[in-house]
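Spelled out from the first residue to the last, the chains are:
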Amino acid sequence: SMTIRGEGSAQTSIQQGLGKQWVNLDGTGTIGISDSLNTSSVTDTGTGDFDPKFTNNMGNTLYSGTGTTTSGSGAYSTVAIQSLTTSDYRLLVSDGATGQEDTDPVMTQIMGDLA
């Protein structure tokens, strides 16, 4: 465990500040991982519904995640991260109007503690 001095006298834990998993995937047609870190696979569980699996599990389910997509048919597409477990999570992509949709790319990042 290492800490560094941040702004002023505040100290930051390097371990806590590092991303633990990320994935850039093609969520259209045959799903494919374009690039990733700590991602063993992604299962396509339905339209706009993906299940990324960690290579190295998280230590608990209290981690945080964000997601985005740069494509989609709606005026705005959203990415939601749900159903957190220590080995995977659900990734839902919605076009904001008609429901879930498959897009390319879909990108997520996870922060938290590894097991």
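Look above for the structure.
Residues numbered from 1 in each chain as written. Predicted model: local features only at pLDDT ≥ 70, side-chain atom pairs only at ≥ 80, totals over all residues. Heavy atoms only, no water.

Enquirer: What am I meant to see in the nonpolar core here?
Expert: One broad rule of soluble globular proteins: the nonpolar side chains tend to lie buried together. One finds Leu25, Phe50, Tyr89 and Leu91 to be the most contacted residues of the largest nonpolar core, which totals 13 residues. Of all the secondary-structure elements, those providing two or more residues to this core are strand S3 (19–26), strand S6 (49–54), strand S9 (90–94) and strand S10 (106–111). If near-sequence neighbours (up to four positions away) are discounted, Leu91 is found in contact with Leu25, Gly48, Asp49, Phe50, Pro52, Val79, Ala80, Ile81, Val106 and Thr108. (Core = buried A, V, L, I, M, F, W, Y, C linked by side-chain atoms within 4.5 Å. Buried < 20%, exposed > 50% of the residue type's maximum accessible area, 1.4 Å probe, protein only. Helix = DSSP H or I, 4+ residues; strand = E, 2+ residues; numbered from the N terminus. Contact = heavy atoms within 4.5 Å.)

Enquirer: Is there a simple way to explain the sheet that holds strand S5 (residues 39–46) in this structure?
Expert: Strands in a sheet are paired, the pairing made by backbone hydrogen bonds, and the direction either parallel or antiparallel. Read across the open sheet, the 4 strands follow the order S5-S6-S9-S8; overall the sheet is antiparallel. Pairing within the sheet leaves two strands with one partner each, and these edge strands are S5 and strand S8 (78–82). On average, each strand axis in the sheet is tilted by 25 degrees relative to the strand beside it, whichever way the strands run. (Pairing = 2+ DSSP bridges. Axes fitted to C-alpha atoms, helices over the stretch in contact; angles between N-to-C directions.)

Enquirer: What am I meant to see in the packing of aromatic side chains here?
Expert: For any two aromatic rings, the description comes down to two numbers: the centre-to-centre distance and the angle of the planes. The final tally for this structure, using the stated rule, is 2 aromatic pairs. Centre to centre, the rings of Phe54 and Tyr89 are 5.7 Å apart; their planes meet at 45 degrees, and the pair counts as tilted. With Phe54 in strand S6 and Tyr89 in the loop between S8 and S9, this pair connects stretches of sequence that are 35 residues apart. Take Phe54 and Tyr89: they sit in the same class, and that class is buried. In this structure an aromatic cluster arises from ring pairing among Phe54, Tyr63 and Tyr89. (Phe/Tyr/Trp six-rings, centres within 6.5 Å; stacked < 30°, edge-to-face > 60°.)

Enquirer: Any chance you could explain the side chain of Gln21 here in plain terms?
Expert: Residue position: Gln21 is located in strand S3. In terms of polar contacts, Gln21 uses its side chain to reach the side chain of Thr39, at 2.8 Å. Polar side-chain contacts of Gln21 include one of 3.0 Å to the side chain of Tyr89. If near-sequence neighbours (up to four positions away) are discounted, Gln21 is found in contact with Leu37, Asn38, Thr39, Pro52, Phe54, Tyr89, Thr108, Gln109 and Ile110. (Polar contact = N/O pair within 3.5 Å; in protein donor to acceptor, adjacent residues only side chain to side chain.)

Enquirer: In this structure, what is going on with unusual backbone geometry? I would like to understand it.
Expert: Comment: phi is negative for the bulk of residues other than glycine, and the bulk of peptide bonds are trans. Residues Asp104 and Pro105 are joined by a peptide bond in cis, for which omega reads 0 degrees. Structurally, Pro105 is set in the loop between S9 and S10. The residue Asn38 is not glycine, and still its phi comes out positive at about 55 degrees. Along the chain, Asn38 turns up in the loop between strand S4 (32–37) and S5. The backbone of Ser83 shows a phi angle near 50 degrees, a positive value even though the residue is not glycine.

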